[in-house]
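# Remarks on the overall topology
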Amino acid sequence: MASPAPRFPWTDPNAAPLIRFEGVSKRFGDFVAVERVDLAIHRGEFFSLLGASGCGKTTLLRMLAGFETPSDGKIFIDGIDMTAIPPYERPVNMMFQSYALFPHMTVAGNIAFGLKQNSLPKPVIADKVKAVLDMVQMGKFADRKPHQLSGGQRQRVALARCLVKEPKVLLLDEPLAALDKKLREQTQLELVNIQDRIGITFVMVTHDQGEAMTMSSRIGVMNAGVIQQVGTPVEIYEYPGSRFVADFIGAANMFEGTVTVDLPDHVTTTCPELEHDLTIAHGDPVTVGTPVTVMVRPEKMAISRDKPAEGLNWAKGSIADIAYLGDVSTYHVLLASGRKVQVLQTNLRHTNEQPLTWEDEVHLGWHPANALVLTR
Amino acid sequence: MMLYSLLALAYAFLYLPIVVMIVFSFNASNLVTVWGGFSTKWYGELLHDQKVLDAAWLSLKVAMTSATLSTVLGTLAAVALVRFHRFTGRTLFTGMVTAPLVMPEVITGLALLLLFVAMEHAFGWPAGRSMTTIVIAHTTFSLSFVTVVVRSRLAQMDASLEEAAMDLGARPLRVFMTITLPLIMPALLAGWLLAFTLSIDDVVISAFVSGPGATPLPIVIFSKVRLGVNPEINALATIVVALVGIAMAIAGRVALGREQSRRV
Amino acid sequence: MSGRLGRFLVGLPAYAWLVAFFLIPFLIILKISLSEPAAGIPPYLPLWSHDEVENLRFHLAFGNYLSLFGDELYAFAYFNSIRIAGIATLGCLLIGYPAAYAIARSPAAWRQSLLLLVALPFWTSFLIRVYAWIGILKPEGLLNALLLWLGVISEPLQILQTDLAVIIGMTYSYLPFMVLPLYATLEKMDLSLLEAAADLGCRPFRAFLAVTLPLSMPGIVAGSLLVFIPAVGEYVIPDLLGGPDTLMIGKVLWAEFFDNRDWPVASAVAVAMLVLLVAPIMIIQNARAKAEGRKR
């Protein structure tokens, strides 16, 4: 599994987390939005809550901000119980999905708003507003009203309005959802750079896995109010802890099977959908006879007309569909059992002498180290 | 919590006077503020007051006619304003449609009476003040209210429905009759009801344009009220409130039913 | 039936009706306000006539307007109308704002019903609702009886036939006009703005002053004008609830027309009233046009 590195605070059992959720649940009537969440987020992290809409991620964020009160459990920030503390006294600031810029105030007015609540002297406020506007490159727009700004500019103002308060934690609710694709990708890196520079802990809610993977130090994958897995982007993608996470993050071929051989460095399984037994070098601990799911990512498989080398897992089939995307192609290969398998191939060469095409007979091959056994 | 107490107070302010009036309409005593036991005698007396009955009948006829006329005209005006963005005199038209909404009644009333006098002087019609003049006056100000109601409904309507009908081969008039009209019908009903209420309630404009031969109910009530509180008026007022209440309940039921069937 | 002819036919009836019964009457008011009063039917002289030698002669009489300026009675009525309508508008705002706010922040399922309860009295007779206050406000009326019984006062207050009664009646009658536009702006306000204010360290009451109040300004303006404009020209309420010295411009117009039969002066009063209301009416019309434009 991923090698432990001391510079990642969550791997240090003695480090005190900045944010701690302890058995936090939230119910709206009969509906359980968040169920018994335990979670620790450390200082300086860029933590993402990733999940489909309605999975409870936004509720979790809003409880951290103080807009919702947990039905059960406690939330600590810097060791202090936040239960009884109203939003206007919490050391966190939130960037709203709609940005929630005050339409009747200028850009500078919006940014100064939070500082005025702290009764800072006017010159100090003016200096801070100017500094943060320069940081987000919006200095020229100080006197504009929000409706005179583009979506990207509004996003910057919303960010600046939070940053100027120098919170312990910055909460971001789908911060890039309102931007178009190109601007979104550019802003992702900008946000990471800003976070790197100022060192404030970021907690972001998103439904976009690419966004979460690009920006986060760690990701918490949520489903139906429960945190399914917490880990770095690599851990989540390469070593998903459950079928749900494997399926939710990226594409996956999953085969149901039973363990027949259990050795220290690998297991062997039989899968009804495949002609040959599989050898797998990673995954949950199992014993002979355990029903398991074997997961192989499409890009971890090779496709060719020839039979793969000895020692690899392999299967035979014919090409049913090809999705050509330029840089890569996805082949949908139909096996004898009727099962379709996805394979992703990088298009390395300009032109292929004998390109694979529909109904070609092909072999798929993958290394035991590139498959994963899942039991949950 | 304090907010809801304030809301409750506002409702009390709105409803208490009406409740008091209804209670005292069942007062046996001649003295309006002294409770003399329960009685329905004022309702009986009302039924024998021929002047009141005649006025009520006239008001009903005027309200029905002017509500219908203003619904037809107001709907046409709304269609013209929503569907045709450019035509000669659109600004003037918009102004004329919306101005009666905020025009003080004394001015509208005076203006219309002066018009009727001038017309009679010039063409000999309308001869004196009659039901005709009241209907014209009421239609004129009700038209604006109908236009506002229908216009907002039309503007909300999904334009692709009409386009789909045309795409399927229906001509504009047929599209209007089979698609648009059924869809805006609730607004037409609401507009008609509003026009009816405004007409049957109007005092000031009616005072200008009605004459000795044609006195609508509010004018009769007004002249009685000017002489002071009178239990018979309480009874009459209670009947009016009850009728309006029933009409609103029916309208609400109809609108609700339509809304639900639309959702299915 | 389509194209230009169809459009023409759709718009024509309402257009023609409004020109005939709304536009032309105003031109007639303007004309008569410049005519000399006379004893007869109609009780004014024509604006122009042809004399024996066929010369067109104009008889423009600005005297009607001069008498408006000259007579203190008119000036007093004019300003008293503004004062009473202004206080009633303030009354509506003080009662209507908390009510509209409470409705807008109540559970979504209740809002329509609560709003209907505000609008419902508007559908019952206006005259009857004003009349109901006579029984409450008069010296031997319910309010005095209640206050006497409570021991707050020792002898009945004279409320009926004062300006106060007129203000109460107006506040009562026009309250729905204030609540409805206020509700509309408060209801569509983005509540995440208040969360943002709280998030930035702002306590609820300060957030109300800094965010909610300025953002509901369009509703405050619209509601105030919708109350103020008809209140200025009101006739029924000052006539029924006010006293003989409660002078309002609507009452003056009525008296000039019906009692003095001075049509030219009544017309001049109407024109003067319109001049007073032109600015507020324009603001309302512009706001309405802007709202329509945004919808499109």
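See above for the structure.
Residues numbered from 1 in each chain as written. Chains lettered and ligands numbered in written order. Predicted model: local features only at pLDDT ≥ 70, side-chain atom pairs only at ≥ 80, totals over all residues.

## Re the interface of chain C and chain A
Listed as interface residues are 14 residues of chain C and, on the opposing side, 17 residues of chain A. Of all the secondary structure elements, the ones that give two or more residues to the side of chain C that touches chain A are helix H8 (192-199) and helix H9 (204-215) of chain C. Here the side of chain C that touches chain A gets six residues from one element, more than from any other, and that element is H8 of chain C. By residue class, the composition of the side of chain C that touches chain A is eight nonpolar, two polar and four charged. (Contact = placed C-beta atoms within 7 Å. Helix = DSSP H or I, 4+ residues; strand = E, 2+ residues; numbered from the N terminus. Nonpolar A, V, L, I, M, F, W, Y, C, P; charged D, E, K, R; others polar.)

## A look at the packing of helix H2 (residues 107-117) of chain A against helix H3 (residues 122-135) of chain A
All names here are of chain A. Axis separation between H2 and H3 bottoms out at 10 Å; the angle between their running directions is 130°. Between H2 and H3, the angle falls in the class oblique. The crossing of H2 and H3 is right-handed. On H3, the residues that touch Ala108, Ile111, Ala112, Leu115 and Lys116 of H2 are Ile125, Lys128, Val129, Val132 and Leu133. Residue classes in the contact of H2 with H3 are distributed as eight nonpolar, no polar and two charged. (Axes fitted to C-alpha atoms, helices over the stretch in contact; angles between N-to-C directions. Parallel < 35°, antiparallel > 145°, perpendicular 65-115°, else oblique. Left-handed = near helix turned anticlockwise from the far one by under 90°.)

## Some remarks on the interface of chain B and chain C
Taken together, the contacts link 64 residues of chain B with 71 residues of chain C. Contributing elements (two or more residues each) for the side of chain B that touches chain C: helix H1 (2-25), helix H3 (50-83), helix H4 (90-102), helix H5 (105-123), helix H6 (131-156), helix H8 (172-201), helix H10 (217-225) and helix H11 (231-263) of chain B. A per-element tally of the side of chain B that touches chain C places H1 of chain B first, with 13 residues. The residue inventory of the side of chain B that touches chain C, partitioned by class, reads 54 nonpolar, six polar and four charged.

## With respect to the sheet that holds strand S13 (residues 278-280) of chain A
All names here are of chain A. Read across the sheet, five strands follow the order S13-S12-S11-S14-S20 without closing on themselves; strand pairing throughout is antiparallel. Each of the sheet's edge strands pairs with one partner strand only, and the pair in question is S13 and strand S20 (371-374). Across the sheet, the mean angle from the axis of one strand to that of its neighbour is 45°, orientation sign disregarded. Pairing between strand S11 (residues 253-262) and strand S12 (residues 267-270): four bridges, direction antiparallel. Paired with Val261 across the bridge in S12 is Thr268. (Pairing = 2+ DSSP bridges.)

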